[in-house]
Each structure stands twice: as C-alpha cells, then as structure tokens.
Amino acid sequence: WICSAHRDEDIPPGATHLLWLEAGSVRFAGVLTRPRLREALSAVRVEETRLGVVKPRGTSPQVRTPVRAMRPYIMLRNATVWIEEKRVLQELDLTIGRGECWVVHGANGSGKSTLLRTLYGDHAVASGGLIRRAGIVPGVPLDQFRARTGLVAPHLQSDYPRDHTVLDTVVSGLHSSIGLNFRATSAECRRARTAMRALQMEPFAELTLAQMSYGQVRRILFARALVTRPRLLLLDEAFTGLNGVLRAELLAWLEGRIEAGVTVVMATHYRSEWPRNASHELMLSRGRATYAGKLRT
C-alpha cells in the first residue's frame, strides 16, 4: 500500500515506512517512527497556515458575508480543455451564479458535453486557465463537490452495466461511481427509494437495467442525480430520445428544481427543451463562447 496523507487520522495503523516530500525533494525516506511522523505533519500544518489554507489557532474569527454574495457557484477563466491531444474548449470565461439555470447550445462538436464534464471534474483545465467551484479550496477533495452535484449524461446511459439493479444504480449516485464496490447501506437504500419514488421508479427497485426500457433508464438516471439532494444539476442532452409525454414530465420536474433554487447547467439542441424559468444561455462554436449571458428573448 502507498497512502498519501496530510493528517494523522488518515494514516493506516499498520503503516511501516514514511516518505516525506518537501518542494519536490525527499526530506526523509525510511522506517516510520512516531516522532518522525509528528515532525512531518507539523511541517505540513505550518505550510498550510502560510498558504492560508488553514488559520493558526488563536486567530480571531472574521465576520463573513454570506457565500451567495461573495462568489459564484462555478467560475471558469481562460479555460482551455484538451482531450487526446485535441483542443475541445478554448479560452472560455464563464461565471455561474447560485440558483441560475444556464442552457448550453451549439452544433455537434462545439464542446457542450466536454464543458459539463469539465464542470463535474472529469476533465481538467489546461495550465494558464482556472476553474473554481464553491467550497472547493486546496485540501478539500473534489468528491465533496460531486456529493452535492447531480449528473445526467449520455455516457451514463450507454456505459452503465445492464446487470445492475435499479436500486444499486440510484445508490451509486451517492458515490459518483458506475456500480458499487460495497453493498448499499440501509440509509443509502432509503435515500435511493425516496429519489426513485419522485421519478415513479420505486416499484422497479429490484429489477435490472436490462429489464428497463430506454425511457425508464433515463428516469433512473434522473433519480440517480436526485439522490444526492443536489445543489447543482448538470444535464447533458437529458431529454434526447424520450417520447413527448416523458419529456414533458421530466421538464416539469426540472422546472420545479429550478424554482426550489437548484443551480442548473444543461446542454440541448432543442429550444422546446429549455425550461420556462431558464435565466442564462451559453452558445458554443468550435469550443469558443459566441454568447454568454442572460437569456435572450
């Protein structure tokens, strides 16, 4: 096992050796002893304090304005994204505020899916650009952002193993995973069943995805996104391939989420799929933004 850690409680009790790195160089490599470990962890805390990641003990608390007023939910600046040596997004500037609904549109290949998966954390922004997510600062894992983000995307519909049950599929949304490494807990199952009930899929909990229709799988993916109790919903052509009745039902459900204050970023080709309470739009062309702002009439 090789485990990287900043805190004593993150180090397994059976650890035998310590590699202490500092500014890219090896400060110590050898048998782990408690005094050496305390010295290394103390150095980490000093460096975090210097960088402002944590405040030294005894510092007077600062009066903070509400986060909503301080900064946006997601911000991209000069963001370029490369996938397999191809530049897909180019120098993108975008600020998404809390409670806003952004509709992303553009031709196939314009970068819509890449943008949403970049926001989610599947793709990285190249050097020279940046992405900032509310609450995610150095030392805070991206999983904390994903734990409050729901995602519905084509790769989930096509790649999810068909032998998995509906219940396990929805539970996997709590772990941002495809499939489960461990048996779902009773608490996770209760949350999943609540989400399935909202999308009329609870009666199918024990069936497999192979027994579901295309539209039913889409409902399941919406439930998988809902199980996180999301503050942000990322929807990549989430209504494509659905019949008119189901599309209208899911669109009405989405409008209710927006009304409740959930931030939404959704990609679509069709004007009829835009929520009535959408607030902003982003038009992409060959990876560049040709318009980004409030919804145009």
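Cut-off values and rules
- Residues numbered from 1 in each chain as written.
- Predicted model: local features only at pLDDT ≥ 70, side-chain atom pairs only at ≥ 80, totals over all residues.
- Heavy atoms only, no water.
- Helix = DSSP H or I, 4+ residues; strand = E, 2+ residues; numbered from the N terminus.
- Pairing = 2+ DSSP bridges.
- Axes fitted to C-alpha atoms, helices over the stretch in contact; angles between N-to-C directions.
- Contact = heavy atoms within 4.5 Å.
- Buried < 20%, exposed > 50% of the residue type's maximum accessible area, 1.4 Å probe, protein only.
- Salt bridge = Lys/Arg side-chain N within 4 Å of Asp/Glu carboxyl O.

### Describing unusual backbone geometry
Where the residue is not glycine, phi is negative for most of them; where a peptide bond is considered, it is trans in most cases. Although it is not a glycine, asparagine 78 adopts a positive phi angle of roughly 50 degrees. Here asparagine 78 is to be found in strand β3 (residues 74-83). Although it is not a glycine, glutamate 85 sits at a positive phi angle of roughly 65 degrees. Relative to the helices and strands, glutamate 85 resides in the loop between β3 and β4 (86-96).

### Brief notes about the sheet that holds strand β11 (residues 288-294)
Reading across from one edge, β7-β8-β9-β5-β10-β11 is the order of the 6 strands in this open sheet, with mixed pairing throughout. Where the open sheet ends on each side, the last strands, each with one partner, are β7 (149-152) and β11. Mean inter-strand twist for the sheet, computed between neighbouring axes without regard to direction, equals 10 degrees. Note that strand β5 (residues 101-105) and strand β10 (residues 280-285) share 4 bridges and pair parallel. Paired with valine 104 across the two strands is leucine 282, which belongs to β10. Contacts from helix α8 (residues 214-226) reach β7 and β8 (232-236), with the element oriented near 165 degrees to β7. Contacting β5, β8 and β9 (263-267), helix α9 (residues 244-259) crosses the sheet at an angle of about 150 degrees to β8.

### So, the pairing of β5
With 5 of its 5 residues buried, β5 lies for the most part within the structure. Neither face of β5 is open: one carries Cys101, Val103 and His105, the other Trp102 and Val104, and all of them are buried. Here β5 pairs with β9 via 4 bridges, running parallel. Bridging across to β9, tryptophan 102 finds its partner in valine 265.

### Thoughts on the pattern of salt bridges
Under the criterion given, the structure shown has 11 salt bridges. Linking glutamate 206 and arginine 193 is a salt bridge whose minimum nitrogen-to-oxygen distance equals 3.0 Å. With a gap of 13 residues between them, glutamate 206 in the loop between α7 (186-198) and α8 and arginine 193 in helix α7 connect regions that are remote in the sequence. Among the residues examined, glutamate 206 registers a relative accessible area of 55% and is labelled exposed. Here arginine 193 falls in the partly exposed class, since its relative accessible area comes to 26%. Linking arginine 296 and glutamate 281 is a salt bridge whose minimum nitrogen-to-oxygen distance equals 3.0 Å. On the criterion of sequence distance, the pair formed by arginine 296 in the segment after β11 and glutamate 281 in strand β10 is long-range, its members being 15 residues apart. For arginine 296, a relative accessible area of 40% translates into the label partly exposed. Here glutamate 281 falls in the buried class, since its relative accessible area comes to 2%.

It is worth stressing that arrangement in space is one thing and function is another; only the former is reported here.
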